[in-house]
Amino acid sequence: MKRILSLAIMLALSSTLFINLAAAQKYALIDMEYVLKNIPAYERASEQLNQVSKRWQAEVEALNTEASTMYKNYQNEVVFLSQEQKVARQDAITQKEKEAADLKKKYFGPEGELFKKRESLMSPIQEEIYNAVKEVSELRGYQMVIDRASDNGIIYASPRIDISNEVLQKLGY
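In what follows, the accompanying structure is described.

What counts and what doesn't
- Residues numbered from 1 in each chain as written.
- Predicted model: local features only at pLDDT ≥ 70, side-chain atom pairs only at ≥ 80, totals over all residues.
- Heavy atoms only, no water.
- Salt bridge = Lys/Arg side-chain N within 4 Å of Asp/Glu carboxyl O.
- Helix = DSSP H or I, 4+ residues; strand = E, 2+ residues; numbered from the N terminus.
- Buried < 20%, exposed > 50% of the residue type's maximum accessible area, 1.4 Å probe, protein only.

Another aspect to go through is the pattern of salt bridges. What the rule picks out here adds up to seven salt bridges. Across the salt bridge formed by Lys98 and Asp102, the nearest N and O atoms sit 2.9 Å from each other. On the criterion of helical spacing, the pair formed by Lys98 and Asp102 is a turn pair, its members being four residues apart in helix H4 (residues 83-108). Overall, Asp102 belongs to the partly exposed group, its relative accessible area being 39%. Of the charged contacts, one joins Arg140 and Glu166 as a salt bridge, the two residues approaching to 1.9 Å between their closest N and O atoms. With Arg140 in helix H5 (residues 113-140) and Glu166 in helix H6 (residues 164-171), the pair connects residues that are 26 residues apart, well separated along the chain. Classification of Arg140 by relative accessible area gives partly exposed; the value is 30%. Each of the salt bridges in this network shares a partner with another, and the network as a whole consists of Glu66, Lys96 and Glu99.

It is worth stressing that arrangement in space is one thing and function is another; only the former is reported here.
If you want it as structure tokens, here you go:
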């Protein structure tokens, strides 16, 4: 009986200690969309990426249009072509389609030019934001900062713990 009673007391004390430790944790929220919208360098980088993307997309579409035109011409003339001419035209169309696909992969693939360009333009901005968040968090004693813009799991959050404006101030905006 004494063992059960002492075990119950130890459980009660340890759960109280756990609750107190959990309550001592400090969290903050940040709205990264709001922060990024207020950083002119991010807006410039986004615009630059959009322009480059549109230009590259136009190049890919031009090759696709050319391949499509070649195919339509081939279909219109197929009855007048010899077997060798048919094969040559089919090969030319296939080559043009492959060229368009390769160009699209080069520009927009997972390790493509757009990815590299985005990385080179956005990494310095993200690093600067991260350092500002880290400074504000260390200053105010936060153990975790959650991005409210990307986490749909947050139903309610007090505006008092949102540090977005402090991060912008730390960045000089």
